[in-house]
Amino acid sequence: MDWGAFSPTDTAVLTFIRHDGQILLILKKRGLGNGKFNAPGGRLEHGETPEQAAVRETQEEVGLTPTGLRPAGLLDFAFTDGYSLRCHVFTATDHTGILAETDEAAPFWCPEADIPYGRMWSDDRLWVPLMLDAKPFRAAFVFDGDLMLWHTLRVEAGIANYAL
């Protein structure tokens, strides 16, 4: 894989709302990652910035509007079936709205010390701790279905070092 020439099929976002030592997670009910725990998120719409998508996707999936949104990292995924994805990861310090289950997601608050990595994508255990420690990161992964075949991960000197 030539990561220098990486051109993803889709661009997406994940938004982790953190509040009082807890983090908002969802049980994904359809699409990529169906049946896994993750954060609210999804693909960008035409003309939308990652920040706009982070707000929209969180509103659509769980009924909350994230506030205090900050970029946390960048993830590139290549799947052996040819699909590829670039994912912008955000954190939010608060939210407005009323938490609600939708046809896409069953949300729940989880203590940050008890994140259920065993029910998440296998790459999450590598970069989520960096996100929780506010260490900007950039990573690339190769997956065959749910199986991670390869990865690289680095802590960035600062958010400005990668393009959001």
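Residues numbered from 1 in each chain as written. Predicted model: local features only at pLDDT ≥ 70, side-chain atom pairs only at ≥ 80, totals over all residues. Heavy atoms only, no water.

Asker: What am I meant to see in a nonpolar patch on the surface here?
Answerer: Together, Leu147, Leu149 and Trp150 give the surface a local cluster of nonpolar side chains, amounting to about 310 Å² of exposed area. Considering the arrangement of structural elements, one finds tryptophan 150 in strand β11 (residues 147-155). The partly exposed category is assigned to tryptophan 150, whose relative accessible area is 38%. (Patch = residues over 30% accessible without salt bridge, like charges linked within 9 Å, V, L, I, M, F, W, Y side chains within 5 Å. Areas by Shrake-Rupley, 256 points an atom, 1.4 Å probe, with all protein chains shown as cover. Salt bridge = Lys/Arg side-chain N within 4 Å of Asp/Glu carboxyl O. Helix = DSSP H or I, 4+ residues; strand = E, 2+ residues; numbered from the N terminus. Buried < 20%, exposed > 50% of the residue type's maximum accessible area, 1.4 Å probe, protein only.)

Asker: Sorry if this is basic, but what is going on with the packing of aromatic side chains here?
Answerer: In this description, an aromatic ring pair is defined by two values, namely the gap between the centres and the angle between the planes. Taken as a whole, this structure holds 12 aromatic pairs when the rule is applied. When the ring of tryptophan 3 is compared with that of phenylalanine 6, the centres are 5.1 Å apart and the planes differ by 35 degrees; the resulting orientation is tilted. Given a relative accessible area of 11%, phenylalanine 6 falls into the buried group. Aromatic pair tryptophan 121 and phenylalanine 143: ring centres 5.4 Å apart, planes at 85 degrees, arrangement edge-to-face. Of this pair, tryptophan 121 sits in the loop between β9 (105-111) and α2 (124-132) while phenylalanine 143 is found in strand β10 (residues 137-144), placing the two residues 22 residues apart along the sequence. Clustering of aromatic rings is evident, with ring pairs tying together Phe77, Phe79, Tyr83, Trp121, Phe141 and Phe143. Cation over ring: lysine 36 sits above tryptophan 121, and NZ or CZ is 4.9 Å from the ring centre. (Phe/Tyr/Trp six-rings, centres within 6.5 Å; stacked < 30°, edge-to-face > 60°. Lys NZ or Arg CZ within 6 Å of the ring centre and 35° of its normal.)

Bear in mind that shape data such as this cannot, by itself, settle questions of function.
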